[in-house]
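# Descriptive structure summary
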Amino acid sequence: MIIKNGWIVVDYIRNYRDGAVVIEDDKIVDVGPTEDVLRRHSGSGHDVIDARDKIVIPGLVNSHTHISMTLLRGYADDLPLQEWLEKWIWPFEANLTGEDIELGALLGALESIRFGTTTVYSMYHYHPGHNEASGLIKAGLRGVIGIAIFHWSRDKNIKMFWDAMGRWHGRDGLIKVSLGPHAPYTVDPETWMRLPEILNEANERYGDRGRVIISSHIAEDWRENELIRDKFNVDIPGGSIFRYLEKFNILSGDFLAAHCIHLNQVDLDLIHKYSVGVAHNPVANLKLGMGFADTPKMLEKGIRVSLGTDGPASNNTLDMFETMKFAALINKPIKRDPSVTPANIVFRMATEYGALNLGYNDLGILKPGYKADVVILDRRKPHLTPVYDIYSHLVYAARSMDVETVIINGRIVYDGGFVNTSLDDVISRVENRVYELLEKVGKGD
Ligand SMILES: [Zn+2]
């Protein structure tokens, strides 16, 4: 397939105003000015997409969500975190079957694709046959599923992790499985201690099908350190959660820490020292009143900060264009400096850094040898005219609904309609099932 005559955004610096991308199987094989690319591939018999007046970008990477929670979108809003979880979310979730989790993931996958996201990291409960992975595959979305681990169900969760590795890791070239210790206040020291060995073994046995990472919620709530001390009777040295985690030998470039809002200088130094990745979720953080990460400081230190929406119950969408705009704006008033988190760096966070944080070294850039995850936007729109700076447009002006075509792993999955599944059918199934679930939790009317 050749996409020609488009404004090709290779990465956060390089772009061709009139460029082309060549895709063969699941990989990008050539990128450059249209004229040069066509000369190199003349008579090659590729399918041609004319991308005149279009912007062609690497697919966006949503590096933190709980995608099946689309089923709980708007179910309970504007409540304090603990009340929200205990009175609303957990009782609802207790009734979810594997089929429900798959259906919620399928709906979230369609939403993600429609909005130009081609890879998600999603942590949730796992059922062997039907789960998030099976939902993502039905839509054709690339994803890393995190098997949630809590200390009260540790043995069962670890068993599930190995089951998921065997069944789903590497499946269809789209799915990876990862370790998802939920958070330091729901995972006890004994469990943390066991995780490095499990991660190493997973990479030794299954790493050839994709690097296995570990991801956890870190420092989302300002009360967390106190909670951990009280719950597990442990010391958080110098109030540094990363100093605490360091002693479990779990920190590395394979560790992705979501949120990282309430940190001190020691934490930042350790994140940098161990090359830990950070997933920043500005919309959900604002909605839950948690505060937000000091991303300018992190980026200045060279920390890989990627972007996430967090779950659709606390956002309430999976819209990465909206997330990019929030990420660009959120720290400017705090720093009293509009030059922090500039548009092209935010674009890098949503693409290349997202891919790296999920353990892919061949994703997130339109480069030969990289995976062919490509998104095409229509720029023949009032709000996208004129164009001076393409990155400013993508972050500040573009809307997720400007996405026109989505290619994942070299295959078109959206071109105005979903290729792999019927949206109408998915919406009807979700509406019927949610009605039944509400009856079960006594919130039917
Ligand atoms: Zn989360």
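If you're wondering where the values come from, they're calculated on a predicted model, not measured in any experiment.

### Side note on the overall build of the protein chain
A count of helices and strands for the protein chain gives 17 helices and 16 strands. Relative to the globule expectation of 22 Å for 445 residues, the C-alpha radius of gyration of the protein chain, 21 Å, shows essentially globular dimensions. When the backbone C-alpha atoms are referred to their principal axes, the protein chain occupies close to 70 × 50 × 45 Å. Among the 445 residues that make up the protein chain, the fraction classed as buried is 61%. In the protein chain, the share of contacts with a sequence separation of at least 24, taken over all contacts with a separation of at least 6, comes to 74%.

### Concerning the coordination of the zinc ion
For the zinc ion, every protein donor is listed as His 64 (NE2), His 66 (NE2), His 217 (NE2) and Asp 310 (OD), and the spread of their distances is 2.1 to 2.4 Å. Seen from the zinc ion, its four donor atoms lie at angles of 86 to 177°, and the figure they make is irregular. Read in sequence order, the donor residues coordinating the zinc ion give the pattern H-x1-H-x150-H-x92-D. Of the two residues, His 217 is situated in strand 10 (residues 214–218) and Asp 310 in the loop between strand 13 (305–307) and helix 12 (320–329); the sequence distance between them amounts to 93 residues. By the burial criterion, His 217 is buried, and Asp 310 matches it.

### Side note on the domain arrangement of the protein chain
Domain parsing of the protein chain yields domain 1 (2–58 + 372–414) and domain 2 (60–357). Look at where the C-alpha atoms of domain 1 and domain 2 centre, and you get two points 29 Å apart. Contacts between the two partners involve 24 residues from domain 1 and, on the opposite side, 30 residues from domain 2. In terms of surface lost to domain 2, no three residues of domain 1 exceed Tyr 12, Val 395 and Tyr 396, which account for 31% of the buried area on that side.

### What to know about the nonpolar core
Membership of the largest hydrophobic core comes to 121 residues, with the highest contact counts inside it found for Ile 57, Phe 242, Leu 245 and Phe 255. In this structure Phe 255 touches Trp 192, Ile 214, Ser 216, Ile 218, Leu 245, Ile 250, Val 276 and Gly 277, once residues within four positions along its chain are discounted. Met 1, Val 56, Val 374 and Ile 376 belong to the second largest nonpolar core, which has 17 residues in total.

### What about the side chain of Asp 100?
Mapped onto the fold, Asp 100 is located in helix 3 (residues 98–114). Asp 100 gets classed as buried once you look at its relative accessible area, which sits at 3%. A distance of 2.9 Å separates a polar atom in the side chain of Asp 100 from the backbone nitrogen of Thr 97. When neighbours within four sequence positions are excluded, Asp 100 is seen to be in contact with Leu 71, Asn 95, Arg 433 and Leu 437.

### As for the packing of helix 3 against helix 4 (residues 132–139)
Where helix 3 meets helix 4, the closest approach of the two axes is 7 Å, and the angle between their N-to-C directions is 40°. Of the possible angle classes, the one that applies to helix 3 and helix 4 is oblique. Crossing handedness for the pair helix 3 and helix 4: right-handed. Mapping the contact onto sequence places Ile 101, Glu 102, Ala 105, Leu 106, Ala 109, Leu 110 and Ile 113 in helix 3 and Glu 132, Ser 134, Gly 135, Leu 136, Lys 138 and Ala 139 in helix 4. Of the residues contributing to the contact of helix 3 with helix 4, the split by class is eight nonpolar, two polar and three charged.

### Quick word on the environment of Leu 60
Within the secondary structure, Leu 60 sits in strand 6 (residues 60–65). Between the C-alpha atom of Leu 60 and that of Gly 364, which follows or precedes it by 304 residues, the distance is 7.4 Å. Look past the residues within four positions of Leu 60 in its chain and what remains in contact with it is Phe 115, Gly 116, Thr 117, Thr 118, Thr 119, Met 320, Phe 321, Met 324, Phe 347, Ala 350 and Thr 351.

### A look at the packing of aromatic side chains
Each aromatic ring pair is described using two quantities: the centre-to-centre distance and the angle formed by the ring planes. One pass over the full model with this rule turns up ten aromatic pairs. Look at Phe 161 and Trp 162: their rings are 5.1 Å apart centre to centre, the planes differ by 65°, and that puts the pair in the edge-to-face class. Taking the centre distance of 5.2 Å and the plane angle of 90° together, the rings of Tyr 244 and Phe 248 count as edge-to-face. Comparing Tyr 244 with Phe 248 shows no difference in burial state: the two are buried. A network of ring pairs unites the aromatic residues Trp 192, Tyr 244, Phe 248 and Phe 255 as a single cluster. The positively charged end of Lys 176 is found above the aromatic ring belonging to Tyr 360, 4.2 Å away from the centroid. In this arrangement the basic side chain of Arg 223 is found over the ring face of Trp 222, its NZ or CZ atom lying 4.2 Å from the centre.

### Observations concerning the side chain of Thr 186
Topologically, Thr 186 is positioned in the loop between strand 9 (175–181) and helix 6 (189–206). Within polar-contact distance, the side chain of Thr 186 engages the side chain of His 182 at 2.7 Å. Setting aside residues no more than four positions away along its own chain, Thr 186 makes contact with Phe 150, His 151 and Trp 152.

### Regarding the environment of Tyr 12
With respect to the helices and strands, the residue Tyr 12 is situated in the loop between strand 1 (2–9) and strand 2 (15–24). In the structure, Tyr 12 is positioned 339 residues away from Thr 351 in sequence and 8.7 Å away in space, judged by C-alpha atoms. Setting aside its immediate chain neighbours within four residues, Tyr 12 contacts Asn 344, Ile 345, Phe 347, Arg 348, Glu 352 and Tyr 391. In this structure the side chain of Tyr 12 is engaged in a polar contact, spanning 3.1 Å, whose partner is the side chain of Arg 348.

### Brief notes about unusual backbone geometry
With an omega of 10°, the peptide bond running from Asn 315 to Asn 316 counts as cis. Omega for the bond connecting Thr 385 with Pro 386 falls within 30 degrees of zero, at -5°, which places this linkage in the cis form. Relative to the helices and strands, Pro 386 resides in the loop between strand 14 (374–378) and helix 16 (390–397). Of note, the phi angle at Asp 25 is positive, near 55°, even though the residue is not glycine. With a phi close to 90°, His 259 is a non-glycine residue in the positive phi region. By the element assignment, His 259 lies in strand 11 (residues 255–259). By relative accessible area, which is 0% here, His 259 ends up buried.

Criteria and cut-off values
Residues numbered from 1 in each chain as written. Predicted model: local features only at pLDDT ≥ 70, side-chain atom pairs only at ≥ 80, totals over all residues. Heavy atoms only, no water. Helix = DSSP H or I, 4+ residues; strand = E, 2+ residues; numbered from the N terminus. Rg over C-alpha atoms; globule rule 2.2 N^0.38 Å. Buried < 20%, exposed > 50% of the residue type's maximum accessible area, 1.4 Å probe, protein only. Contact = heavy atoms within 4.5 Å. Donors = N, O, S within 2.8 Å, 3.2 Å for Na, K, Ca; no water. Tetrahedral: all angles 85-135°; square planar, octahedral: opposite > 155°, others 65-115°. Domains from an automatic or database assignment. Buried area = accessible area lost by both parts, 1.4 Å probe. Core = buried A, V, L, I, M, F, W, Y, C linked by side-chain atoms within 4.5 Å. Polar contact = N/O pair within 3.5 Å; in protein donor to acceptor, adjacent residues only side chain to side chain. Axes fitted to C-alpha atoms, helices over the stretch in contact; angles between N-to-C directions. Parallel < 35°, antiparallel > 145°, perpendicular 65-115°, else oblique. Left-handed = near helix turned anticlockwise from the far one by under 90°. Nonpolar A, V, L, I, M, F, W, Y, C, P; charged D, E, K, R; others polar. Phe/Tyr/Trp six-rings, centres within 6.5 Å; stacked < 30°, edge-to-face > 60°. Lys NZ or Arg CZ within 6 Å of the ring centre and 35° of its normal.

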